[in-house]
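Below are the chains, spelled out letter by letter.
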Amino acid sequence: MKLTALVPQRSLWDTVLPNLVMLGSAIAAFLGIIFLLFVLAERSPNKIQNILKYVVFLAPAAVLLLIGLIYPAIRTLIYSFMNDDSSKFIGFENYVWAFTIPEIRIVLRNTLIWTILVPVLATGTGLAIAYMTDRMKRAAVIKSLIFMPMAISFVGAGIIWRFVYTYEANLKRPEIGLLSSIWRAMEWEPRNWLLEAPLNTLLLIVVMVWIQTGFAMVVLSAAMKNIPDEIIEASLLDGTSNWRRFTKITIPMIRATIVVVLTTITIGTLKVFDIVRTMTGGNFKTNVIANEMYSQSFRQMNYGTGSALAIILFIAIIPIIIYNVRQLRLERTER
Amino acid sequence: MSIFRRRAIGLGVIVTASLLVLAGCSSESDSAGGGTENCEAYAEYAGNEGTTVEIYTTIISPEADLFVQSFQEFQDCTGITINWNGSQEFEAQISVRVEGGTAPDLAIFPQPGLLAKFAGNGLVPAPAKVADSVDANYTADWKNYGTGPDGVFYAAPLGANVKSFVWYSPKTFADNGWSIPTTWAELLALSDEVAAGGDIQPWCAGFGSGDATGWVGTDWMEDLMLRFSDAATYDAWVSHDIAFNDPKVQTVIDEAAKILKNPDYVGDVASIATTTFQEGGAGIVDGTCAMHRQASFIGGILAADYGATIVNPEDTDVEGGITTFYFPGVSADQTPALGGGEFVGAFSDRPEVQAVQHYLTTPDWNNKKAALGGWFSANLGLDTANVADPVNKVAVEILQNATTFRFDASDLMPAAVGAGSFWKEMTAWVAENKSSKAVLDAIEASWPAN
């Protein structure tokens, strides 16, 4: 007979301590390497010192880029030419699949609707609000309220708006959807908002616009502040109408910023998947590329098709990024 | 008597009780060293004093604590120390440990697919004693799930779960004079009767589950497949030996449509797709619907989020009280069960490892573990008197009376179907009123070619 050993009773500290030690040694090792590099740099001849200077400052960023961006990108590219568990090379089959499955037409159509509507609507409303609140007293309150959704994650926003769109078919049960309640209060017949295509895609787009308007407003408002006062005063003296001043002075003066905001939101929209995933799960004809990519890779465990969709998305974004970078350069040279 | 005195007495009771508890604790450790009275039962495991057996598993605290507690007497009497090693990384780590030569003595596999990976590849075939005990204490279906693709029996069943439930409110049923149906025809007749009453919707259903929307529909299909076809057809359906749009599957989806696509039973069919599976069961709590088909776990959700109380079928006076009956077969004597379970496989043939593996298959341990609460198994020797929870009690009855037992089919199908098209198409089936034939054809087309 012996005393029983229970499950080793591990206290919180027992679990935390090894991790803390590991974290500490990692930081120490990192600092040690940096220190060593600096010592080496200081003691070396001038010419090498110059080269070392670049190495020391660029190496960490380069290493991180390599691990976090370039390596995964190359792997994804390779996976996209392989089968579901990446054990066999199958050529362009995944790409053929991506453009021939019946559902892909809905996915591509939706992605197109998203990338056209969201940037235009978000930038448009952002621009309007920025212009209206420009030179307005207490504009900060309005601006912070409109900017606030930016602080909410896409998933959080999706859940909030799902409650707005909830629909209860059984009249004996309480209606908790805001939109349906408003409809009933107006004595209209509410619809099952998230179910009816293409209405549901438009309702999802509203969520994205709700989040992005704040971003557009803040950036455009800052650009408007940069317009020299003399020009505005001159136009006031000439007696231009508000609308003319907006179209002939404000917009041309901040044109470059508008383009940057538009392209930034477009890139964000192409990648959108959280909203679709939390609100409809890509069902009811609301699917978009990024959601299908996630579903293929991590739900259906087909890394081949998932990677192919990722590469297609990547290629679709490249031209916009190039355009965006060019615009930024242009803007810089203008100043 | 003043309130103060009553409180003082109450306080006294509490103090005395806690002292007793404390005394209980200390005497327990005394007796553990001194000798336990019921050790004769463990005579067959003698000769292993001072050995240790590691059990590697996904089951972690707090569930693990009850397992450890259930081993207490075994450990005291046999001198075998059971080292319960629970880790959420089990599924990833088990391969690493087996390949790295540090395999655990025993591993609890949460699904047969993972078990199959190690059949003939590290797992030690179960000794005759374990196999005999499993033959005696479990139905043949459970032994089959513990058998590898090579036909060798490796792993003994442990815990179980059951999906073939219809949830209902005993109060609603008693108030309206409805009785529990025992056949599929009776179930439909009852649904008609409820619908004719006009006040209560016969069924509530919700397919919504984020990116897994539609899985509830696959469970309906699986349960009905076991009822309208035989087990062999079910297996052929899982392994794609019959096509997904086979007439036999067509029969099953048509039967499912009798409830799920009948507006008289479920109200607005399309909104099933936008109702979450949690919300789907809420109607039986507030009395707006009569029946809801869902696995055992929904009870916890309805109790926590919708104010339900889990009651016995006899408790017909509890407002918001819910419980379950068996999702009936085509005839009263056809009682298949859909569910899941864990399996204990050994990576070592040391006698103490085999002793523990055997002990876990005995009715003795299964009763001891079930009596601690919140757990049941398919062990035929498990006495329902030891299962306190009313739903678990029904589950044990279902398992012990099961003519066939099968695991969830969609979990066993390729992920492209089981976690992809099957979910999506069942959703489209209700949401877009897609025809049964179009649904089955689409799933068949998505089955990965090998």
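Everything quoted here is computed from the prediction, not taken from an experiment. (Residues numbered from 1 in each chain as written. Chains lettered and ligands numbered in written order. Predicted model: local features only at pLDDT ≥ 70, side-chain atom pairs only at ≥ 80, totals over all residues.)

Description of the overall build of chain A
So, step 1. The helix and strand inventory of chain A stands at 14 helices and zero strands.
So, step 2. Listed N to C, the secondary structure of chain A is α-α-α-α-α-α-α-α-α-α-α-α-α-α in terms of helices and strands.
So, step 3. Reported as C-alpha extents along the three principal axes, the dimensions of chain A are approximately 85 × 70 × 55 Å.
So, step 4. Each of the 335 residues in chain A was classed as buried or not, and the buried ones make up 29%.
So, step 5. Put simply, 68% of the contacts in chain A that link residues at least 6 apart link residues at least 24 apart. (Helix = DSSP H or I, 4+ residues; strand = E, 2+ residues; numbered from the N terminus. Buried ≥ 20, exposed ≤ 12 C-beta atoms within 10 Å, placed from the backbone. Contact = placed C-beta atoms within 7 Å.)

Considering the domain arrangement of chain A
So, step 1. Parsing chain A into structural domains produces domain 1 (16-79) and domain 2 (93-334).
So, step 2. Spacing between the C-alpha centres of domain 1 of chain A and domain 2 of chain A amounts to 38 Å. (Domains from an automatic or database assignment.)

Details of the environment of S436 of chain B
So, step 1. Note on placement: S436 of chain B falls in helix 21 (residues 436-446).
So, step 2. Residues S436 of chain B and M426 of chain B, 10 residues apart in the sequence, show an inter-C-alpha distance of 9.1 Å.

Focus: the sheet that holds strand 6 (residues 201-203) of chain B
All names here are of chain B.
So, step 1. Spatially, the five strands line up as an open sheet ordered 6-7-5-9-8, and their pairing is mixed. Two strands in the sheet have a free side with no partner beyond their single neighbour: strand 6 and strand 8 (309-310).
So, step 2. Where strand 6 meets strand 7 (residues 289-293), two bridges bridge the pair, whose relative direction is parallel. Residue pairing in the sheet places Q201 in a bridge with C289 of strand 7. (Pairing = 2+ DSSP bridges.)

Describing unusual backbone geometry
So, step 1. Of note, the amide linkage connecting A197 of chain A to P198 of chain A takes the cis form, showing an omega dihedral of 0 degrees.
So, step 2. Mapping P198 of chain A onto the fold places it in the loop between helix 7 (178-185) and helix 8 (199-225).
So, step 3. Note that the residue after S61 of chain B, namely P62 of chain B, is joined by a cis bond; omega there is 5 degrees.
So, step 4. Its location among the elements puts P62 of chain B in the loop between strand 1 (52-57) and helix 2 (63-78).
So, step 5. Phi at M301 of chain A is positive, roughly 55 degrees, even though this residue is not glycine.
So, step 6. Locating M301 of chain A in the fold gives a position in the loop between helix 13 (289-299) and helix 14 (303-334).
So, step 7. One non-glycine residue, H240 of chain B, lies in positive phi territory at about 65 degrees.
So, step 8. Summarising the element assignment, H240 of chain B is placed in the loop between helix 10 (231-238) and helix 11 (247-260).

Thoughts on the interface of chain A and chain B
So, step 1. If you look at the interface, chain A gives 26 residues, while chain B gives 30 residues.
So, step 2. Elements that contribute at least two residues to the side of chain A that touches chain B include exactly helix 12 (274-279) and helix 13 of chain A.
So, step 3. Looking at the side of chain A that touches chain B, its residues break down into 11 nonpolar, 10 polar and five charged. (Nonpolar A, V, L, I, M, F, W, Y, C, P; charged D, E, K, R; others polar.)

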